[in-house]
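Now for the letters of each chain:
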Amino acid sequence: MSWIISILASSIALAAPVLYGTLGEIYTERAGISNLGLEGVMLVGAISGYAMASATGNLLLAVVATISAGLALGLIYGFLTITLQANQIVSGLAMVIFGSGLSGVVGAPYAGIAPGVTFSKVSIPLLSEIPVLGPILFQQDVFIYALYILVPLSFYYIFKTKHGLRLRALGDDPAALDAAGINVTLLRYLYVMLGTAITAIGGVYISLVYTPFWNENLIAGKGWIAAALVIFASWNPIYAAGGAFLFGLIEVVGLRLQMMGVNVSPYFLSMLPYLCTILVLIFSTGSFSKRRSAAPAMLGKHYDREAR
Amino acid sequence: MRLKLEKREKLPFYTKIIIPVVCVLIALLFCGILMKLMGHNPLEAYQKMVKGSMGSARNLSESVLQSIPLMLCALGVSISFKMSVNNIGAEGQYVMGAWAATGIALYCPWIAGEMTLPTMIVMAFVAGAIWAVVGVLPKILWGVNETIITLMLNYVALFWLDYWCYGSWRDTAASNLPFSKSFDDFARLGTLYQRVHVGIFIALIAAVAIFLFFRYTSSGYQIRVIGINRAAANYGGMNVHTKMILVMACSGGLAGLAGLCQVAGTVGQLQPDIAGGAGYTAIIIAYLAKFNPFYVLLVSLLFGCMDQGGFSIQLLNISINLVTLLQGTILLAVLGGEMFTRYRVTLRKDAKEVAVK
């Protein structure tokens, strides 16, 4: 029993960074902008927080640095894709390359140096004593507790509030919003920046909580997996949580099998999350699946007033 | 007064040159400021980069050497982008090509000799092609977006490479590094000048072939049409799926040949970091070159110089990632700058202001 609990608890820890990325991208894509640059945003988020934690020893400042870095990247991405109407797929790729270069340069002095401070696990009194569920859900760190709030809150915001309705309209029919006198450009900027800020937290989670150390390959495709999960989750935060947990589970099982010395090469086990992402994409978007695509209608298309 | 965007009727000649130059300057400035903030001397770094990449005949030849795999990968990427298929898996296709070439070179003793190199070339192409087609097959069969799938396959290919490099192909006798045995001479590409090998001819031939194909064949024309409007091409009776497989096979095959050039030309053995991000750099190059094969060669040469120059700035204690950052920033700037090739920014007086006057 205890090993099941420990597997499920570590699945949550492995799911958390991916889920931050997925949640961020859900906001961005719901607003009609596709940002495939999650990998780059997470890398920059990871090193910003790490550098700040190493320099000041203050974890709160580290999170502030991460969020600021995320906002700054969002501003750049928004300027490119909203104001300058650049191709969003190539811009996303450019963000990945830019982010990996930037984090590599800034992070070079920190490679191999411990950050000094990390977020430790906090048991929630009473709740953590619930049998089975307590150790799985309530003996984690603050980032995971934040997700317990962020996921349902995002769901409620997107589907049940006036602002959420506007957000969905941004992606489905920005012209209608414009006609209603709402500033499409400003709103899109805000959601792109909100998206990158949330995504950046996923990066700092890996560098300051999960690992915790810095190296250039720290994110190792988690940003791309997060981007794939957005599609799998039908742009819905609740499904995203489920999908991310599934990926955490797959990764943990792979790691556990390696530790148990199963007669499968660790290199093949390491391929699992990536192969599963491919399978998930095929099964959730393949033409044979009965699911209706929930993609925002105007996703990835510029809104140009004069072109109408 | 307010800024106003106006569609350009025709692009003035000078903007074609000014916009890319400004983009490169922006990137240099951005990286310079970053270096300054980190306590380095940017001017010294840039000087070192130029000297390291072009300062002497030897350095220049090393830069050309660096650019060979970039050329091949970028040519491959550019043909897939031309038909609007986002093949961002060149890195994985490169790795598979290098892996297949190594397998032939070291573990097929029955063909050892003059047949080795031709077999390596064919198999590297085939391996890259298969990996690329695998990436686009879900799109053809079930309409699944290829972007993330081709990218995911990069990670799979890299673990596949690790499996062999750290496993049965590792040459434990030579060193404790995860490298394969060194290739015999019959499995190496001949050299032309210094270390520059004949792989550069493969790149040149590929560029000319691509140019002629798109310019003079009906298939080339159809692929261009598919790239611009897939629905119209389908309606016009073009076989979109066959063309897609063909283009992806060539795209991946070229990346595979880049892998071959690296193992059989430059390095002479298989190493886990054999690709070193060339597949990603290739995407930048293809985009900057506007998918024109001859521009691809030129931009690759420039990027080869940057990569080579990057080795020199390490002496100043600056991370080699600065080169990646520089290249990424150039791409971001160029993407943003495209707006100004399509539109002209003008200052307009508001109607109110005009009325007051």
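Look a little higher up for the structure.
Attention here is on the structure that accompanies the text.

Parameters and conventions
- Residues numbered from 1 in each chain as written.
- Chains lettered and ligands numbered in written order.
- Predicted model: local features only at pLDDT ≥ 70, side-chain atom pairs only at ≥ 80, totals over all residues.
- Heavy atoms only, no water.
- Helix = DSSP H or I, 4+ residues; strand = E, 2+ residues; numbered from the N terminus.
- Contact = heavy atoms within 4.5 Å.
- Buried area = accessible area lost by both parts, 1.4 Å probe.
- Polar contact = N/O pair within 3.5 Å; in protein donor to acceptor, adjacent residues only side chain to side chain.
- Nonpolar A, V, L, I, M, F, W, Y, C, P; charged D, E, K, R; others polar.
- Salt bridge = Lys/Arg side-chain N within 4 Å of Asp/Glu carboxyl O.
- Buried < 20%, exposed > 50% of the residue type's maximum accessible area, 1.4 Å probe, protein only.
- Core = buried A, V, L, I, M, F, W, Y, C linked by side-chain atoms within 4.5 Å.
- Phe/Tyr/Trp six-rings, centres within 6.5 Å; stacked < 30°, edge-to-face > 60°.
- Lys NZ or Arg CZ within 6 Å of the ring centre and 35° of its normal.
- Patch = residues over 30% accessible without salt bridge, like charges linked within 9 Å, V, L, I, M, F, W, Y side chains within 5 Å.
- Areas by Shrake-Rupley, 256 points an atom, 1.4 Å probe, with all protein chains shown as cover.
- Axes fitted to C-alpha atoms, helices over the stretch in contact; angles between N-to-C directions.
- Parallel < 35°, antiparallel > 145°, perpendicular 65-115°, else oblique.
- Left-handed = near helix turned anticlockwise from the far one by under 90°.
- Expected span 1.5 Å × (residues − 1).

## A short note on the environment of Ile-318 of chain B
All names here are of chain B.
Alright, step 1. Note that Ile-318 resides in the loop between helix H12 (293-313) and helix H13 (321-342).
Alright, step 2. Taking C-alpha positions, Ile-318 is 19 Å from Gly-277, a pair spaced 41 residues apart along the chain.
Alright, step 3. Aside from chain neighbours lying at most four places away, what touches Ile-318 is Met-35, His-40, Ala-45 and Ile-313.

## Observations regarding the interface of chain B and chain A
Alright, step 1. Facing the 43 residues of chain B at the interface are 49 residues of chain A.
Alright, step 2. Of the roughly 3,900 Å² buried between chain B and chain A, counting both surfaces, carbon and sulfur atoms make up 82%.
Alright, step 3. At the boundary of chain B and chain A, one finds 3 residue pairs in polar contact (both at pLDDT 80 or more).
Alright, step 4. When residues in the side of chain B that touches chain A are grouped by element, the largest group, 13 residues, is from H13 of chain B.
Alright, step 5. Tallied by class, the residues present in the side of chain B that touches chain A amount to 32 nonpolar, 8 polar and 3 charged.

## Examining the pattern of salt bridges
Two side chains of opposite charge can pair, provided their charged atoms sit close to one another.
Residues and elements named next belong to chain B.
Alright, step 1. Taken as a whole and judged by the stated rule, the model has 5 salt bridges over all chains.
Alright, step 2. Measuring nitrogen to oxygen at the nearest pair gives 2.8 Å for the salt bridge that ties Lys-139 to Glu-146. The same class applies to Lys-139 as to Glu-146, namely buried.

## Notes on the nonpolar core
Alright, step 1. Phe-143 and Trp-224 of chain A together with Leu-72 and Met-120 of chain B are the most contacted members of the largest nonpolar core, which totals 205 residues.
Alright, step 2. When residues in this core are grouped by element, the largest group, 13 residues, is from helix H9 (residues 184-210) of chain A.
Alright, step 3. Excluding residues within four positions of it along the chain, Phe-143 of chain A makes contact with Tyr-20, Val-63, Phe-119, Ile-201, Val-204, Tyr-205 and Val-209 of chain A.

## Structural notes on the packing of aromatic side chains
Alright, step 1. Per the stated rule, a full pass over the model turns up 29 aromatic pairs over all chains.
Alright, step 2. Where Trp-160 of chain B meets Trp-164 of chain B, the ring centres are 5.6 Å apart and the plane angle is 75°; that geometry is what we call edge-to-face. Note that Trp-160 of chain B and Trp-164 of chain B are positioned in helix H6 (residues 146-165) at a spacing of 4 residues, about one turn of the helix.
Alright, step 3. Since its relative accessible area comes to 18%, Trp-164 of chain B is described here as buried.
Alright, step 4. Taken together, a centroid distance of 5.4 Å and an interplanar angle of 80° make the contact between Phe-213 of chain B and Phe-214 of chain B edge-to-face.
Alright, step 5. Members of the aromatic cluster, connected to one another through ring pairs, are Phe-268 of chain A together with Trp-99, Tyr-107, Trp-160, Tyr-163, Trp-164 and Trp-169 of chain B.
Alright, step 6. Between Lys-82 of chain B and the ring centre of Phe-214 of chain B, over which it is positioned, the NZ or CZ distance is 4.3 Å.

## Quick look at helix H11 (residues 278-288) of chain B
Alright, step 1. In terms of burial, H11 of chain B is largely enclosed, as 9 of its 11 residues are buried.
Alright, step 2. When we look at burial in H11 of chain B, the residues that qualify are Ala-278, Gly-279, Thr-281, Ala-282, Ile-283, Ile-284, Ile-285, Ala-286 and Tyr-287 of chain B.
Alright, step 3. Buried residues along H11 of chain B sit against helix H4 (88-107) of chain A together with helix H3 (57-82), helix H4 (90-107), H12 and H13 of chain B.
Alright, step 4. Within two residues after H11 of chain B, Lys-290 of chain B carries a phi angle of roughly 55°, on the positive side.

## A few points about a nonpolar patch on the surface
Residues and elements named next belong to chain B.
Alright, step 1. A cluster of nonpolar residues, Phe-13, Tyr-14, Ile-17, Ile-18, Val-21, Val-22, Leu-25 and Ile-26, forms a patch on the protein surface that exposes about 800 Å² of accessible area.
Alright, step 2. Within the secondary structure, Val-22 is located in helix H1 (residues 13-37).
Alright, step 3. Relative accessible area serves as the criterion here: at 38%, Val-22 is assigned to the partly exposed category.

## Description of the packing of helix H5 (residues 116-142) of chain B against helix H10 (residues 240-267) of chain B
Residue and element names in this part refer to chain B.
Alright, step 1. Two elements in contact, H5 and H10, have axes whose closest approach is 6 Å; the angle formed by their N-to-C orientations is 140°. As the angle between them shows, H5 and H10 are arranged oblique. The crossing of H5 and H10 is right-handed.
Alright, step 2. Here the residues of the contact of H5 with H10 are counted per class, giving 18 nonpolar, 5 polar and 1 charged.

## Thoughts on H12 of chain B
Alright, step 1. Its 21 residues give H12 of chain B an end-to-end C-alpha distance of 30 Å, which sits within 8% of 30 Å, the value for a rise of 1.5 Å per residue.
Alright, step 2. Buried residues dominate H12 of chain B, accounting for 15 of its 21 residues.

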